[in-house]
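Chain and residue survey
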Amino acid sequence: RKKWWFYPPPRSSLSRHHSIRAAEADAATRRQLKPAPLGEEALAREALPLVCEQGPGDVVYVPTDWGHMTLNTETALSLSREFTWDGEETDSHVINSLQL
């Protein structure tokens, strides 16, 4: 199993924090959150990364310009591929060309 954190543009950036420390900081932030006032839930959520857990057989696609961090929560083997873009390629083009 692998836990993923996704940072959408423009909040995506390189980090020098180890995944374990960053995961601990994220968990602490989430524990301290108070309910957002009505109508401000989306703004409160924007301050946090999106989080998911990848299980055996799951495929995760990271869109162009999105930052991400991973943490293996169990022994895991993963395979990744980084795409390079020319002027005409888009995420949709790459997804449609994958032969899964």
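**A short note on the overall build of the chain**
- When you go through the chain residue by residue, the secondary structure sums to 3 helices and 3 strands.
- Counting from the amino terminus, helix and strand elements in the chain follow one another as β-α-α-β-β-α.
- The buried share among the 100 residues of the chain stands at 16%.
- When contacts within the chain are restricted to residue pairs at least 6 apart in sequence, those whose partners lie at least 24 apart make up 81%.

**Regarding helix α1 (residues 19–32)**
- Its 14 residues give α1 an end-to-end C-alpha distance of 20 Å, which sits within 8% of 20 Å, the value for a rise of 1.5 Å per residue.
- Along α1, the residues that are buried comprise S19, A22, A23 and D26. Along the long axis of α1, the arc covered by the buried residues comes to 100°, so they all point the same way. The outward face of α1, more than 90 degrees from its buried face, is lined by the exposed residues R21, R31 and Q32.
- The inward-facing, buried residues of α1 contact β1 (2–7), β2 (50–54) and β3 (67–72).

**Section: the side chain of K2**
- Examined against the element boundaries, K2 turns out to sit in strand β1.
- Among buried charged residues, K2 stands out as having no salt bridge; its nearest opposite-charge side chain is D58, 12 Å away.
- Sequence-distant contacts of K2, defined by excluding residues within four places in its chain, comprise C52, E53, Q54, T70, L71, N72, T73 and S78.

**What to know about the side chain of D26**
- Summarising the element assignment, D26 is placed in helix α1.
- We classify D26 as buried; its relative accessible area is 11%.
- If sequence neighbours within four positions are ignored, D26 has contacts with W5, L48, P49 and V51.

**Considering the packing of aromatic side chains**
- On inspection of all chains with the given rule, the structure shows 1 aromatic pair.
- Here W4 and F6 contribute two aromatic rings whose centre-to-centre distance is 5.5 Å and whose plane-to-plane angle is 5°, an arrangement assigned as stacked. Summarising the burial analysis for this pair, W4 and F6 share the class buried.

Rules used in this analysis
- Residues numbered from 1 in each chain as written.
- Predicted model: local features only at pLDDT ≥ 70, side-chain atom pairs only at ≥ 80, totals over all residues.
- Heavy atoms only, no water.
- Helix = DSSP H or I, 4+ residues; strand = E, 2+ residues; numbered from the N terminus.
- Buried < 20%, exposed > 50% of the residue type's maximum accessible area, 1.4 Å probe, protein only.
- Contact = heavy atoms within 4.5 Å.
- Expected span 1.5 Å × (residues − 1).
- Arc of directions from axis to C-beta.
- Lys, Arg positive; Asp, Glu negative; His and termini not counted.
- Salt bridge = Lys/Arg side-chain N within 4 Å of Asp/Glu carboxyl O.
- Phe/Tyr/Trp six-rings, centres within 6.5 Å; stacked < 30°, edge-to-face > 60°.

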